Amino acid sequence: MAITMPELDAAVLARRDRIVAALCAIVPGEGVIASEQAMRPFESDGLTAYRALPMVVVLPDTTEQVRRVLAYCHRESIKVVPRGAGTSLSGGALPLTDGVLLGMAKFNRIRDIDFANRVVVAEPGVTNLAVTQAVEHAGFYYAPDPSSQIACTIGGNVAENSGGVHCLKYGMTANNVLGCELVLMNGDVVQIGGRHLDAGGYDLLGIITGSEGLLGVITEITVRILKKPETARAVLVGFMRSDDAGDCVSRIIGAGIIPGGMEMMDRPAIHATEEFVHAGYPLDVEALLIVELDGPQAEVDHLIARVETIARECKAVTCKVSASEQERLLFWAGRKAAFPAVGRISPDYYCMDGTIPRAKLPQVLKRIRELSEHYGLRVANVFHAGDGNLHPLILYDANKPGELDKTEAFGAEILKLCVAVGGVLTGEHGVGVEKRDLMPTMFSETDLAHQQRLKCAFDDKGLLNPGKVFPTLHRCAELGRLHVHAGRVPFPDIPRF
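In this text, all values refer to a predicted model and were calculated from it rather than measured experimentally.

Quick look at the packing of helix 13 (residues 361-375) against helix 14 (residues 403-420)
In helix packing, the relevant descriptors are the interaxial angle and the interaxial distance, both defined with respect to the helix axes. One way to put it is that helix 13 packs onto helix 14 with a least axis distance of 11 Å and a crossing angle of 160°. By the angle between their axes, helix 13 is roughly antiparallel relative to helix 14. Crossing geometry of helix 13 relative to helix 14 is assigned as right-handed. Taking contact as the criterion, the partners of Val364, Arg367, Ile368, Leu371, Ser372 and Tyr375 in helix 13 are, on helix 14, Lys406, Ala409, Phe410, Glu413, Ile414 and Leu417. For the contact of helix 13 with helix 14, the class distribution of residues is eight nonpolar, one polar and three charged.

Here is the structure:
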């Protein structure tokens, strides 16, 4: 259960009072939240099964305040958990009861729009969709578009290397970020990358993107914007078997066609979504593909004809091409509302995030069905089929004793399956606490040790977001003697609902 303030002993409370007073001096006004009731909204992120009340919440609104907060916490050896919008689905923003939660929501300004260089400079609290809205009047947009784009922030997108329905053709966040301003745990402010396409030296930007708040706190981001395609049309393709849909995905890519987006849903997800959005999805099919082609009109018309031919060869039973821009957006509105729509058919659901080679899709879907029967839990499959990023939604009821444990065991089996067929544990949601203890299924102890050495180069005391990503904790001084297993310190259990 969640930790409450009265459970802290007198010595801890006295230290907490000193920390709160110091933070209030750095971030005056309403920038520090210390009461138990006011901190409740921060006790979890999108992985709501895990909750913990932070020691204190601080909400800076300038880089100088972030610098001073981190420098103070470094000097006093206080743990810090950075937080964006809290939409993370892996527990990456889960607070620590003995740590400061550093909320970046006030960093919500776009600092510059540079059409000549096709970049936008934004603060980390700017939402993903807001970037596109700021430039669409000039015919530009920001390509990565997670389903939560109306709420998730650019800073969080960088921390998790988020994707979206159009990442197949236009890349993940890593492919669309050019630079950032980063505050290190000791208070140093560094500039990485910029408005140029490439920079000399080590690829530090590649290290920061997807680092899940373990290396520094981002206070400014430079992203690339793209010119809106001349034409974009979407095709809804229905199949009576999920295996046929998976085969169609592989054959489209194998034919050299790179759609702007290619998504897949199975029958439970189709029905839940159609009842919620009324997007015009067929209800008599087992699997549905949404394939979008974009570019010059002649090219789009040609590619749509090729996709229709491949779909028929893969036993498609329905094929509907968007007749207008409004209909195309409606097709995508259904897909992007799939997660909340599934909430209508189950009290709770657990959203998984693993990635596999596309050719393994039929095999993996078959095994997920077998695991569903074994655990007695329904699954609604919604995922980025084009790049093999799976999002199985395991349906359960947290009010039934033992059902969450069973759900987590089921989810772990799915992630192990992804690794076994040549994939990875995560595609865009990050490791956080959800997949932390599964990391040894993908990495050796030596692999993990070298990753932690990199963290120590940025965070010498291990104070930034500790307890996330790595299954065992090593002090930086111990990393030179990892063969001595006595140096390993397991992380404590995390409060869970």
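Section: helix 3 (residues 63-75)
In this model, helix 3 (13 residues) spans 18 Å end to end at C-alpha, consistent with the 18 Å of a helix rising 1.5 Å per residue. Among the residues of helix 3, those classed as buried are Thr63, Gln65, Val66, Val69, Leu70, Ala71, Tyr72, Cys73 and His74. In the stretch just after helix 3, Ser77 is the one whose phi turns positive, near 55°.

Thoughts on helix 14
End to end, helix 14 covers 26 Å across 18 residues, agreeing with the expected 26 Å (1.5 Å per residue, within 8%). Listing the buried residues of helix 14 in full gives Glu403, Leu404, Thr407, Glu408, Phe410, Gly411, Ala412, Ile414, Leu415, Leu417, Cys418 and Val419. Residues of helix 14 that are buried make contact with strand 16 (348-351), strand 17 (354-355), helix 13, strand 18 (379-383), strand 19 (389-390) and strand 20 (392-396). Once helix 14 ends, the next one or two residues include Gly422, with phi positive near 100°.

Topic: the packing of helix 8 (residues 242-254) against helix 13
Following both chains from N to C, one finds helix 8 and helix 13 inclined at 155°, their axes separated by 8 Å at the closest point. Our classification of the angle between helix 8 and helix 13 gives roughly antiparallel. Crossing hand, helix 8 versus helix 13: right-handed. For the pair formed by helix 8 and helix 13, the contact residues are Ser242, Asp243, Gly246, Asp247 and Val249 on the first element and Leu361, Pro362, Leu365 and Arg369 on the second. Here the contact of helix 8 with helix 13 is built from residues that sort into four nonpolar, two polar and three charged.

Overview of the nonpolar core
For soluble globular proteins, nonpolar side chains are generally found buried alongside one another. Met264 and Leu289 are the most contacted members of the largest nonpolar core, which has 61 residues in total. Among the elements that take part in this core, helix 14 stands out by supplying eight residues, more than any other. In contact with Met264, not counting residues within four places along its chain, are Ser242, Ala245, Gly246, Ala287, Leu288, Leu289, Leu361, Leu365, Asn381, Val382, Phe383 and Ala385. If you look at the next biggest cluster of nonpolar residues, it comprises 26 residues, including Leu23, Val27, Val80 and Val183.

Looking at the pattern of salt bridges
This model, assessed by the stated rule, comprises 28 salt bridges. One salt bridge in this structure joins Glu43 and Arg40, with 2.7 Å as the shortest N-O distance. Between Glu220 and Arg111 there is a salt bridge, and its shortest N-O distance comes to 2.5 Å. Here Arg111 lies in strand 5 (residues 110-114) and Glu220 lies in strand 10 (residues 217-224), a separation of 109 residues in the sequence. Sharing partners across several salt bridges, the network here consists of Glu36, Arg40, Glu43 and Arg51.

With respect to the state of the cysteines
Taken as a whole and assessed by the stated rule, the structure comprises zero disulfides. Between Cys319, a cysteine without a disulfide, and Cys248, which holds the nearest cysteine sulfur, the sulfur-to-sulfur distance is 8.8 Å. Residue classification places Cys319 among the partly exposed residues on the basis of a relative accessible area of 36%.

Brief notes about the environment of Pro268
As for its placement among the helices and strands, Pro268 is situated in helix 9 (residues 267-277). By relative accessible area, Pro268 is classed as partly exposed at 33%. Separated by 44 residues in the primary sequence, Pro268 and Arg224 place their C-alpha atoms 37 Å from one another.

About the cut-offs
Residues numbered from 1 in each chain as written. Predicted model: local features only at pLDDT ≥ 70, side-chain atom pairs only at ≥ 80, totals over all residues. Heavy atoms only, no water. Axes fitted to C-alpha atoms, helices over the stretch in contact; angles between N-to-C directions. Helix = DSSP H or I, 4+ residues; strand = E, 2+ residues; numbered from the N terminus. Parallel < 35°, antiparallel > 145°, perpendicular 65-115°, else oblique. Left-handed = near helix turned anticlockwise from the far one by under 90°. Contact = heavy atoms within 4.5 Å. Nonpolar A, V, L, I, M, F, W, Y, C, P; charged D, E, K, R; others polar. Expected span 1.5 Å × (residues − 1). Buried < 20%, exposed > 50% of the residue type's maximum accessible area, 1.4 Å probe, protein only. Core = buried A, V, L, I, M, F, W, Y, C linked by side-chain atoms within 4.5 Å. Salt bridge = Lys/Arg side-chain N within 4 Å of Asp/Glu carboxyl O. Disulfide = S-S within 2.5 Å.

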